[in-house]
Amino acid sequence: MDNEGVKKRAKTTSSSSSMVAGDDDDRISKLPDSVIIHILSFLPTEDVVQTCILSKRWKLIWYSVPTISFSYNIELKQDQQKFYTYMKKYLKHRKKAMDNITDLVITSFNLKINDFYQRSKAGLLDKWLAFAVENKVKELHLKIGLGKKRMFMYYPEYYYCLPKVVDNATYLTVLELDGVELDTSCSFSFPSLKILSLEEIHQADTSKDNVDVVFKFLLGCPCLEKLRLHNYEFLRGDGKLPLQSLGLKFLELKRTDNQDDLRIEAINLESLVISGDSADNVNLSACKKIRNLSFDDIGDIFDLSLNALISNYPLLENLTLRFKYTNDEHLKISGQRLKSFNFKNLCCKPCNITIESAPKLGYFCYEGYLDLSILIEPSNSLSGKIVISEGYNDGYNGYDSIWFTDMLNFLLNLNCSWNTISLHVKEYEVLLLCFYFI
């Protein structure tokens, strides 16, 4: 009897385990359609469509996913003709579904073709964008071609010209264009647009007024809050219109060209990111409300001292500096509202930093070599992060006795009061030895 009882209990336990396992395997099917559709919206469209083979319930779910995302990459050795054929079939089925089911929507259209642009495909691209615009798409992400800067090509035939139908996309809130051609004779009107990103744009200068397209975008986008210009080349001219916007809160200039005498008149701008040498000869005097300021991968501190530059922003709270080189070996920083300071030194030269008149400073992050000394007046209680780079001088021979001596001197030259601090090096043994000597 005891053996039979054990067998019954084992059988019951096994059955229960099977039921639990079965429930676990089918857990995703118990989710409501709205949750499943939301999850699928983060996947590439090709993967979304493949879910139709899972069950009868999943057969039509892919029609309801509001995002469309296609990507072709020549480096992955994909078949280009198959890619275009697949997209044509997909949009044909999707359009038929949109005509028959009233509550289907498209919120985002994302197309990335990482290959040489072929003008023979312009008609197809125009139709796909027209389909997205007709269905009141809110986000449009378009990247066509390998990029002129990366491939050193400046020929117009390598750019896809954005069709005029996009001008009717009045529901757009996000527009990201990379590697396309824009006609400067056109006027742009996007009354709902909040985020605009222009990267490696070719401007077809067919107008007589020589007005840059970015100025026309600002005129036609009254709700714009974020503007990113990456590898953007302003048109040359005797005089430039100001980058003027009342609603703009975030601006990023990354390796822009021909920005001499550019005036930025965005009186409500709160965050500014400048990368490369884009800061040269840019007039920021009207931007008095900046709270977050980042100079990334830049050279010297322009013609002004850093402290004089920062003094133009009395509301500044977060400052980030990343230098390739600098002629100023002693940086002085002050700010009554400054709360955090991030500094990355890519220059193999000794650097001294003095932070004064910063009573609210609570965080300091440094990434670079060991030839840094910092003094904070008065000495605040800080939280911090220190990341030490390798190869800090010509005589670098790994973690030898010279390196440990320099490391100890570096720690002693951090003249400030620390609340908490994290120290990062490549080898954890270094930390053990350093703290042993300390």
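This one's a predicted model, so the numbers in the text were calculated from it and none came from an experiment.

A word on the overall build of the protein
Point 1. When its secondary structure is counted, the protein shows ten helices and 24 strands.
Point 2. Across the 438 residues in the protein, those meeting the buried criterion constitute 45%.
Point 3. Across the protein, the fraction of contacts at a sequence separation of at least 24, relative to all contacts at a separation of at least 6, is 48%.
Point 4. For the protein, the accessible area works out to roughly 23,300 Å², and carbon and sulfur atoms hold 52% of it.

So, the confidence of the model for the protein
Point 1. Mean pLDDT for the protein: 80, with 78% of residues reaching 70 or above.
Point 2. Across residues 13-23, where pLDDT falls below 50, the model places one contact with residues more than four positions away in sequence or in other chains.
Point 3. Long-range and interchain partners of residues 149-153, a stretch whose pLDDT sits below 50, account for twelve contacts in this model, where long-range means more than four residues apart.

A word on the sheet that holds strand 10 (residues 243-244)
Point 1. Taken together, three strands build an open sheet; the order of strands is 10-12-14 and the sheet is parallel. Whereas interior strands pair on both sides, the edge strands pair on one side only; in this sheet they are strand 10 and strand 14 (282-283).
Point 2. As judged from the two bridges shared by strand 12 (residues 262-265) and strand 14, these two strands associate in the parallel manner. Looking across to strand 14, one finds that Arg263 is bridged to Asn283.

Here's the deal with the pattern of salt bridges
Point 1. Taken as a whole, this structure holds six salt bridges when the rule is applied.
Point 2. Among the ionic pairs, Lys95 bridges to Asp99, the shortest N-O distance being 3.7 Å. Within this pair, Lys95 and its partner Asp99 are both found in helix 4 (residues 80-100), separated by four residues, close to a single helical turn.

Section: the sheet that holds strand 17 (residues 330-334)
Point 1. As summarised here, the arrangement of the four strands in space is 17-19-21-23, forming an open sheet in which the pairing is parallel. Lying at the two open borders of the sheet, with one neighbouring strand each, are strand 17 and strand 23 (414-415).
Point 2. Bridge count between strand 19 (residues 351-356) and strand 21 (residues 372-377): six bridges; the pairing is parallel. Residue pairing in the sheet places Asn352 in a bridge with Ser373 of strand 21.

A closer look at helix 7 (residues 213-220)
Point 1. Counting buried residues in helix 7 gives seven out of eight residues, a clear majority hidden from the surface.
Point 2. Burial in helix 7 covers these residues: Val213, Val214, Phe215, Lys216, Phe217, Leu218 and Gly220.
Point 3. By the N-cap criterion, in which a side-chain oxygen at the helix start approaches the backbone nitrogen of a residue two or three places on, helix 7 is capped by Asp212, the distance to Val214 being 3.2 Å.

Quick notes on the pairing of strand 22 (residues 381-388)
Point 1. Of the pairings in the sheet, the one linking strand 20 (residues 363-368) to strand 22 comprises six bridges and is parallel in character. Each residue of the ladder has a partner; that of Phe364, found in strand 22, is Gly384.
Point 2. Judged from the seven bridges that link them, strand 22 and strand 24 (residues 417-424) form a sheet pairing that is parallel. Opposite Ser383, over in strand 24, you have Thr420 as the bridge partner.

A word on empty space enclosed by the protein
Point 1. The full count for this structure, using the stated rule, is three cavities of 30 Å³ or more.
Point 2. What the second largest cavity holds in volume is close to 40 Å³.
Point 3. Around the second largest cavity, the lining residues are Gln80, Tyr84, Ile113, Phe116, Tyr117, Gln118, Lys121 and Ile144.
Point 4. Broken down by class, the residue content of the lining of the second largest cavity amounts to five nonpolar, two polar and one charged.

Criteria and cut-off values
- As a convention, each chain's residues are numbered from 1 in the sequence order in which they are written.
- With pLDDT at 70 or above as the cut-off, local features in this predicted model cover only qualifying residues; side-chain atom pairs require 80 or more to be listed or tallied, and sums for whole chains, interfaces and linings still use all residues.
- Hydrogens and water are ignored here; the side-chain numbers use all heavy atoms of the structure.
- Under the scheme used here, helices are H or I runs from DSSP no shorter than 4 residues and strands are E runs no shorter than 2 residues, and both carry numbers assigned from the N terminus.
- For every residue, the accessible area obtained with a 1.4 Å probe (protein chains only) is divided by the maximum for its type, and the residue is called buried under 20%, exposed over 50%, and partly exposed between those limits.
- In what follows, residue pairs with any heavy atoms lying within 4.5 Å of each other are defined as contacts.
- Note on areas: Shrake-Rupley with a 1.4 Å probe; residue coverage comes only from the protein chains shown.
- Per residue, pLDDT captures the predictor's confidence, and it can take any value from 0 to 100.
- If DSSP finds at least two bridges between two strands, the strands pair.
- The term salt bridge refers to a side-chain nitrogen of Lys or Arg lying within 4 Å of a carboxyl oxygen of Asp or Glu.
- N or O atoms closer than or at 3.5 Å make up a polar contact, with two conditions inside protein: a donor-capable atom paired with an acceptor-capable one, and, for residues adjacent in sequence, both atoms drawn from side chains.
- Cavity means a closed set of points on a 1 Å grid over the protein atoms alone, one where a 1.4 Å probe fits but cannot get out, pocket means an open set with protein on both sides within 12 Å along at least 5 of 7 lines, and lining means a residue has an atom within 4 Å of a point.
- Grid points are joined across faces, edges and corners, and a volume is the space filled by probe spheres set on the points.
- Each residue is assigned to one class: nonpolar for Ala, Val, Leu, Ile, Met, Phe, Trp, Tyr, Cys and Pro, charged for Asp, Glu, Lys and Arg, and polar for all the others, Gly among them.

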